[in-house]
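So the chains spell out like this:
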Amino acid sequence: MKTLTPAVRISLGFRVLSLRLYSWSSSLSAISHDELKRVDADDLIKSYCESGMIDEAVSLLNRSLEASSKPSTRSCNSVLASLIKANKFESTLSLYDHIKMHGVSPDLITLNTIMNCYCETHKTDLARQVFDEIKALNFAPTVVTFNTLIKGLCKENRVDEALQIVSQMLAEGPLPNSRTYTIVILKLCRLSRSETCLDLLKEMELLGLNPTEATYNTILAGLCKEGKIKAGQMLSDNMGEMGLCLNVSTYTALIRGLCREKLFGEAKKLFYEMSVKGFPPNVITYTTLVHGLCAEKHWNEATEMLEEMVNRGISPNMVTYTGLMGCLCKEGHLQEALKLFDVLIQQRLEPNEFTFSTLIDGLCKAGRLEDAFRLFQLMEDRGLGNNTVTSNILIRGLCKFGKMEEAKKLLEKLEGKGSKPDVTTFNSLIDGFCKIGQVSAAEQLLQDMEVQGLEPNLVTFNTIVHGLCRVGSHVRALDLVEKVIGKGKKLDVITCSTIIDGMCKTGRLQDAETFLSRMDELGIESDVVVYSSILKRYCNNGQLEKARGVLRTMEEKGLRPNLVVYNDILQGFCQEGKIEEAIEMLHEIGSSNFAPTTSIVSIFLENVARFGLLEKFSYLLPSICGK
C-alpha cells in the first residue's frame, strides 16, 4: 500500500471534515429545539467558525439560542469574532443584540470584540461606551481592551486622545505593551509627527520593551519624509549600534531626504552601502536618486545613474524617465529628452499625461510649436488628450509667441471636446492679449471667466491692470482696482506699483500720491519700487524738494533707498546745477555703505564741468575715485 505524505493526509483530513460539516448542515434543519441539546452545539459551532462556514455557524447559534439549552459565551464569541474577520460589522452588532436578548451574558472577550467592531467602523465614541460598560460590570480591562480603543482613535486621527490613554495606562495600569506603542507610532508617522515617536521609543526602553526593526524603520522613514534628516541619521546610527538593519524603503527615504538637503555625496554613499548590507536598491531607490540629481540640474550624473540602473538589470519606470526628461528639458537638452522618449516607447512603456506634458512644455519653450502639437496629437490618439494641464502648456506657448488667434481656436476646440478651461488657461490668454496691446480682448476674457463661474486671482487682475496702464488707460485700471477691492480681495504691492508707475509716466503725480495714501488705508505695505517711481518723476520735473520729501518718507517707513533712487535724485540735483546738494548726496551715498557707481560719478563730473565748476570741486576727485 502506498504511503501518504503528511501534506496529502492533511488535505484529506480537511476534505473529511468538510464532508462531515456539510452532512451536519444538511441535517440541521431536521433537528428540533429539544433534540438540539443532544448535539454538541458548541463543538459544531467551533468547527464551522474554523472552517470559514460563518453563515452555518450563525444559523446554528441562533437555533441554539432558541433551544432550552443555551450556547456557551465561548461559542457566541467565536461567531462574533468570525463575523468581524469577514467584515460583516452590521451582522456582528445585530447578532450581539440577539445574544443579549436571549439571556447569554457577555464576558470581557465579548465586550472587547464589540469594541473592536465599533472601532473598525469608525464609531470610537460607541466603543468608549462599551469600555465604560466593561468597568461597570467589574471586568478589569486588559491591554487588548486598551489597544483596541487606541487603534480606533488612531483610525479617526484622534491620536492625541490615544496618547492620553497611553499615559493613563502608565499611571493606572495595565502597562502598555509593544503593540500599544506600534499602533500609535504608525499613526504619528502618517500624521508627520515623527519626533513624538522618538519620545515614545524612550518610554519603551524604560518599560523594558524592545521596539522591532519595523518600528524603527517606520520612524526613520517618517523623519526623512518630514525633512528631519539629522534626526533620521542619528536614529540610523543607533539602529546600527543595536544590530538592527535599515530596509530598502528606509534607505530610499534617507536618500530622498539627503537629496532634498543637497547632500548628494552622502546620498550616493548610502546608496552604494545598501548593496553591501544585503539590500540592493530597487527601481524606487534609483528613481529617487535620479530625481534628486535632476532637481539640482546634475543631469549628467542622473543620466549615468540611469545607465547603471539598466546595466544592473533594473528596468526604469515611467516616473524615472519622466523626471530625467524634465531635467533635460529645463537644461536646454531637448533633443536628449526626445531620444529618451523614443527609448521608453521602444521598451513598450506607456507614457502618462505627465510624461507628455513635460516634453510638450519643453518643445513650447524652445519655440517648436509644430512639434509640440504633433506630440499632443499622439497624446490624443492614446486617449490622453482631454488634459487641462497639457492644454494650458500649449495655450501658454502660443500666447508667448503672440499667436493669439490660434490660442483662442485651441481653447474653443478643447471646450468642444468637453475640456474645461481653468484660471491658468484664462491668465495665459489675458497675458497674451495684453502683451500685444489688445487689452479690450483681455477684459472680455475676464468677463467670460466670471460667466463660467471661475474666480479670477491677483495674477489675472495684475496682468490687466498692467496692460491698461501700458496703453495709458489709467482710469479703467483704477476702476478695475476698485472692483477688486469691492469684491473683498486684497491688492498686492505689484498691482499698486503698476498703477502708480503708470500715473507717474503720464505726469499725474498728485493722483499717484493720493493712491499711495489709499494703499496705507488698505494696509498694503509700500516698497522701494513704489516710492522710486514718484521720486524719479519729481526729479525729472525739477521738483527736488518734493523728491527729498519722498526720500524722507521712505526713511521714516524703514525703507532703505537703493542705488537707483540715489542715482535719480543725484541726477536731478546735477541737472538743476545744484552741485552743493549733489555733493551732499554723494556723501550720503557713501555713508549708506554704497559705493557710487561709475554712472553716478560720470553724471556728477559731467554736470560739474557743464556749469564750469570743475576747478572748484576738483579736490573731491581723489575721494570719489577712492570709493
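To start, this report covers the structure provided alongside it. Just so it is clear, the model here is predicted, and its values are computed rather than measured.

### A few points about the overall build of the chain
- A tally of regular secondary structure across the chain gives 36 helices and zero strands.
- Within the span of the chain, comprising 627 residues, buried residues form 45% of the whole.
- Counting contacts in the chain only where the partners sit at least 6 residues apart, residues at least 24 apart contribute 60% of the total.
- With an accessible surface of roughly 31,900 Å², the chain has 52% of that area assigned to carbon and sulfur atoms.

### A closer look at the packing of aromatic side chains
- Enumeration over the complete set of coordinates arrives at five aromatic pairs.
- Aromatic side chains Phe341 and Phe356 sit 5.7 Å apart centroid to centroid with 65 degrees between the ring planes, which places their arrangement in the edge-to-face category. Of the two residues, Phe341 is situated in helix α20 (residues 334-346) and Phe356 in helix α21 (residues 353-365); the sequence distance between them amounts to 15 residues. Each member of the pair, Phe341 as well as Phe356, is classed as buried.

### Side note on the environment of Pro106
- Looking at the element boundaries, Pro106 is found in the loop between α6 (89-101) and α7 (108-120).
- For the pair Pro106 and Ser72, spaced 34 residues apart in the sequence, the C-alpha separation amounts to 10.0 Å.

### Points about the nonpolar core
- Val79, Ile150, Ile360, Ile500 and Ile534 are the most contacted members of the largest nonpolar core, which has 182 residues in total.
- The residues touching Ile150, leaving out its near neighbours within four places in the chain, are Ala162, Ile165, Val166, Met169, Thr180, Ile183 and Val184.

### Things to note about the side chain of Thr463
- One can find Thr463 in helix α27 (residues 458-470).
- If near-sequence neighbours (up to four positions away) are discounted, Thr463 is found in contact with Ile430, Asp431 and Cys434.

### What about a nonpolar patch on the surface?
- Together, Leu170, Leu175 and Leu207 line one region of the surface with nonpolar side chains, adding up to about 230 Å² of accessible area.
- Relative to the helices and strands, Leu175 resides in the loop between α10 (159-172) and α11 (178-190).

### Considering the pattern of salt bridges
- Under the counting rule described, the total for this entry stands at 27 salt bridges.
- Of the charged contacts, one joins Lys151 and Glu120 as a salt bridge, the two residues approaching to 3.1 Å between their closest N and O atoms. Within this pair, whereas Lys151 is found in helix α9 (residues 143-155), its partner Glu120 is found in helix α7, the two being separated by 31 residues in sequence.
- Overall, Glu120 belongs to the partly exposed group, its relative accessible area being 25%.
- Where Glu450 meets Lys483, a salt bridge forms, and the shortest distance between an N and an O atom there is 3.6 Å. Taken together, the residues span a long stretch of sequence, with Glu450 in helix α26 (residues 439-451) and Lys483 in helix α28 (residues 474-486) at a distance of 33 residues.
- A relative accessible area of 28% means that Glu450 is categorised as partly exposed.

### What to know about helix α30 (residues 509-521)
- The end-to-end C-alpha distance of α30, which contains 13 residues, comes to 19 Å, matching closely the 18 Å that a straight helix rising 1.5 Å per residue would cover.
- Inspection of α30 places Leu509, Ala512, Phe515, Leu516 and Met519 among the buried residues, and these make up the whole buried set. For α30, the arc enclosing every buried residue in end-on projection is 115 degrees, short of the 170-degree limit, so these residues lie on one face. For α30, exposure combined with an orientation more than 90 degrees from the buried face picks out Gln510 and Glu521.
- Of the surrounding elements, those touching the buried residues of α30 are α28, α29 (493-505) and α31 (528-540).
- Residue Gly523 follows α30 closely and has a positive phi angle near 75 degrees.

### So, unusual backbone geometry
- Residue Gly173 is joined to Pro174 through a cis peptide bond whose omega torsion reads -10 degrees.
- Examined against the element boundaries, Pro174 turns out to sit in the loop between α10 and α11.
- The phi angle at Asn138 is positive, at roughly 65 degrees, despite the residue not being glycine.
- Following the sequence through the fold, Asn138 ends up in the loop between α8 (124-136) and α9.

### A few points about the side chain of Thr250
- Within the secondary structure layout, Thr250 lies in helix α15 (residues 248-260).
- Once residues within four sequence positions are removed from consideration, Thr250 is found in contact with Asn217, Leu220 and Ala221.

### A closer look at the packing of α29 against α31
- Between α29 and α31, the least distance of the axes is 9 Å, while the angle of their chain directions is 5 degrees. With respect to α31, the element α29 is oriented roughly parallel. Taken together, the residues of α31 that come into contact with α29 (itself represented by Val493, Ser497, Ile500, Asp501, Cys504 and Lys505) are Val529, Val530, Ser533, Ile534 and Arg537.

Criteria and cut-off values
Residues numbered from 1 in each chain as written. Predicted model: local features only at pLDDT ≥ 70, side-chain atom pairs only at ≥ 80, totals over all residues. Heavy atoms only, no water. Helix = DSSP H or I, 4+ residues; strand = E, 2+ residues; numbered from the N terminus. Buried < 20%, exposed > 50% of the residue type's maximum accessible area, 1.4 Å probe, protein only. Contact = heavy atoms within 4.5 Å. Areas by Shrake-Rupley, 256 points an atom, 1.4 Å probe, with all protein chains shown as cover. Phe/Tyr/Trp six-rings, centres within 6.5 Å; stacked < 30°, edge-to-face > 60°. Core = buried A, V, L, I, M, F, W, Y, C linked by side-chain atoms within 4.5 Å. Patch = residues over 30% accessible without salt bridge, like charges linked within 9 Å, V, L, I, M, F, W, Y side chains within 5 Å. Salt bridge = Lys/Arg side-chain N within 4 Å of Asp/Glu carboxyl O. Expected span 1.5 Å × (residues − 1). Arc of directions from axis to C-beta. Axes fitted to C-alpha atoms, helices over the stretch in contact; angles between N-to-C directions. Parallel < 35°, antiparallel > 145°, perpendicular 65-115°, else oblique.

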